[in-house]
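Descriptive structure summary
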Amino acid sequence: MTSAAHGPCPAVGEDEAGGLLTIDLAALVANWRALAARVGSAETAAVVKADAYGIGIEQAVSALYGAGCRTFFVAHPVEGRRVRAAAPDAVIYVLNGLLPGTAAAYRAHDLRPVLGSLEEIEEWAAFCRAGAGRLPAALHVDTGMNRLGLRVEAAVQLAENTELLGAFTPSLVMSHLVSAEEPDDPINARQIAAFSHVRERFAGVPASLANSSGIFLPQAPHFDLVRPGYALYGGNPTPERANPMRPVVQLEARVIQLRWTPDGETVGYNGHWTAQGRRRIATLSVGYADGYLRTASGTNLKAGGEAVVAGVRCPFAGRISMDLITLDVSAVPEGAIQRGDKVTLIGNGLTIDEVGKRAGTIGYEILTSLGRRYHRRYLPATV
Ligand SMILES: *Cc1c(COP(=O)(O)O)cnc(C)c1O
């Protein structure tokens, strides 16, 4: 597998692309295996919503399925259909639940909704009673997020409602952690306790609480199944410690022009970066329309993003444009960079977590914003 057509553009050749995105499926698989080893007898699922966090849902699912992953989580039913096509016998959960009137479409593709309210549960039960049979679905219990899911008291009540629960097959009871990446936040212990209390009421139904960071909490709340997303794609699930995961994504940008900017002149829109002395500027063929967030602009007041050029870290100079980034490459020996060269925007020590921080956001948003104009290269899961 080398590259696949992506997004609205025709597949772009490597030589003509402004950016080259390399996705290491072997690293993805290694990350899944490392998490699976960590959780022992619990099942390790994979969260592949949002096009597998930007890396490509078909490629990610095929690689993970090949490694032994059998349960996938998506946000939308349309994503579930893509997983179904790539993994015909996998178990697929749709986290955003059941939209009114869509039960038949879930059944048609053997998708399991994550039911998060009594209305959804009643609609699924009614669909099952009307002839579909006792179809499986997950139950989402809210232990503190206040976003989706039954409140704990409502879930405890539901557990007594054998008529409603008997109409379908509850195949998973789950909740979601509020602050798993902050192990000192006391809400972790409260959620684990509340979830343990609820899951006991659903005897025989597998239970799931942990996302990527949840897997690494000192309490190890793995229950029967864990739901990592970010860590699979190389994000650091333990932000206060070294990243135990392998990087999956590398992004390189093409240098399309090099120039000398005289002392005191400004670079880019609105002149928010001023050359201190004569500076060499490299203009890259990647911009915010490629998902490189404009909030990573480098101005006189605030450092922004960086790129690695011939082994040297170089700062962004000025505002990020729609299709261009300007980089101060004065620290790079003059002969070491030329028009047409590639510089690294993600990789070579520049992690998605750092790129996120420099843009004032999190690595998750960097991944899910990865552009559609890049040439995409997939390194195979097995060599
Ligand atoms: C997105 C999501 C996950 C995966 O979270 P990561 O932090 O990416 O591991 C797990 N569970 C639910 C309910 C989610 O929405």
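What you see is a predicted model; the values in this text were computed from it and never measured. (Residues numbered from 1 in each chain as written. Predicted model: local features only at pLDDT ≥ 70, side-chain atom pairs only at ≥ 80, totals over all residues. Heavy atoms only, no water.)

1. Structural notes on helix 1 (residues 25-39)
The terminal C-alpha atoms of helix 1, which comprises 15 residues, lie 21 Å apart, in line with the 21 Å expected from a rise of 1.5 Å per residue. In this fold, the buried residues of helix 1 make contact with strand 1 (19-24), strand 2 (43-44), helix 3 (57-67), helix 10 (212-215), strand 11 (225-226) and strand 18 (375-379). Regarding helix 1, its N-cap is D24, as a side-chain oxygen of that residue lies 3.1 Å from the backbone nitrogen of A26 further along. (Helix = DSSP H or I, 4+ residues; strand = E, 2+ residues; numbered from the N terminus. Expected span 1.5 Å × (residues − 1). Contact = heavy atoms within 4.5 Å. Polar contact = N/O pair within 3.5 Å; in protein donor to acceptor, adjacent residues only side chain to side chain.)

2. Examining the site of the ligand
Within the structure, the ligand sits among 13 residues, and K49, Y53, S212, Y230 and Y364 are positioned closest to it. In the model, an oxygen atom of the ligand is placed 2.5 Å from a nitrogen or oxygen of the Y53 side chain. Residue N211 places a side-chain N or O atom 3.0 Å away from an oxygen atom belonging to the ligand. (Near = heavy atom within 4 Å.)

3. Observations concerning the packing of helix 3 against helix 4 (residues 77-86)
Viewed as axis vectors pointing N to C, helix 3 and helix 4 meet at an angle of 45°, and their least axial separation amounts to 9 Å. Considering their axes alone, helix 3 and helix 4 lie oblique with respect to each other. The crossing of helix 3 and helix 4 is right-handed. Packed against helix 3, whose contacting residues are I57, E58, V61 and S62, the element helix 4 presents E79, R82, V83 and A86 at the interface. Across the contact of helix 3 with helix 4, the residue classes tally to four nonpolar, one polar and three charged. (Axes fitted to C-alpha atoms, helices over the stretch in contact; angles between N-to-C directions. Parallel < 35°, antiparallel > 145°, perpendicular 65-115°, else oblique. Left-handed = near helix turned anticlockwise from the far one by under 90°. Nonpolar A, V, L, I, M, F, W, Y, C, P; charged D, E, K, R; others polar.)

4. Focus: helix 3
Among all positions of helix 3, only I57, Q59, A60, V61, A63, L64 and A67 are buried. Close packing links the buried residues of helix 3 with helix 1, strand 3 (46-47), helix 2 (49-53), strand 4 (71-74), helix 4 and strand 18. At the C-terminal side of helix 3, G68 shows a positive phi close to 115°. (Buried < 20%, exposed > 50% of the residue type's maximum accessible area, 1.4 Å probe, protein only.)

5. Topic: the confidence of the model for the chain
Looking at the chain, the pLDDT average stands at 96 and 97% of residues meet or exceed 70. In the predicted structure, residues 1-8 sits below a pLDDT of 50 and forms 17 contacts with residues beyond four places in sequence or in another chain. (pLDDT = per-residue confidence, 0-100.)

6. As for the packing of helix 7 (residues 152-160) against helix 9 (residues 187-201)
Across the interface, helix 7 lies against helix 9 with an axial gap of 9 Å and an inter-helix angle of 15°. Judged by the angle between their axes, helix 7 and helix 9 are roughly parallel. The two elements helix 7 and helix 9 cross, and the hand of that crossing is left-handed. Contacts between helix 7 and helix 9 involve V152, A155, V156 and A159 from the former and A194, H197, V198 and R201 from the latter. Residue composition of the contact of helix 7 with helix 9, grouped by class: six nonpolar, one polar and one charged.

7. Here we look at the side chain of N31
Within the fold, N31 resides in helix 1. Within the local environment of N31, its side chain forms a polar contact with the backbone nitrogen of R246, the two atoms lying 2.8 Å apart. Once residues lying within four places of it in the same chain are set aside, the contact partners of N31 are A231, L232, G234, M245, R246 and V248.

8. Concerning the pattern of salt bridges
For the structure on display, the rule yields 14 salt bridges. We note a salt bridge from R82 to E58, for which the minimum N-O separation is 2.9 Å. Here the residue R82 occupies a position in helix 4, and E58 occupies one in helix 3, the gap between them amounting to 24 residues. Note on R82: relative accessible area 32%, which makes it partly exposed. Overall, the relative accessible area of 32% leaves E58 in the partly exposed class. In this structure, D110 and R84 form a salt bridge, with 3.7 Å as the shortest nitrogen-oxygen distance. With D110 in the loop between helix 5 (103-108) and strand 6 (112-115) and R84 in helix 4, this pair connects stretches of sequence that are 26 residues apart. Under the relative-accessibility criterion, D110 is labelled partly exposed at 45%. We classify R84 as buried; its relative accessible area is 12%. If you follow the salt bridges from partner to partner, you end up with D51, E58, R82 and R372 in one network. (Salt bridge = Lys/Arg side-chain N within 4 Å of Asp/Glu carboxyl O.)

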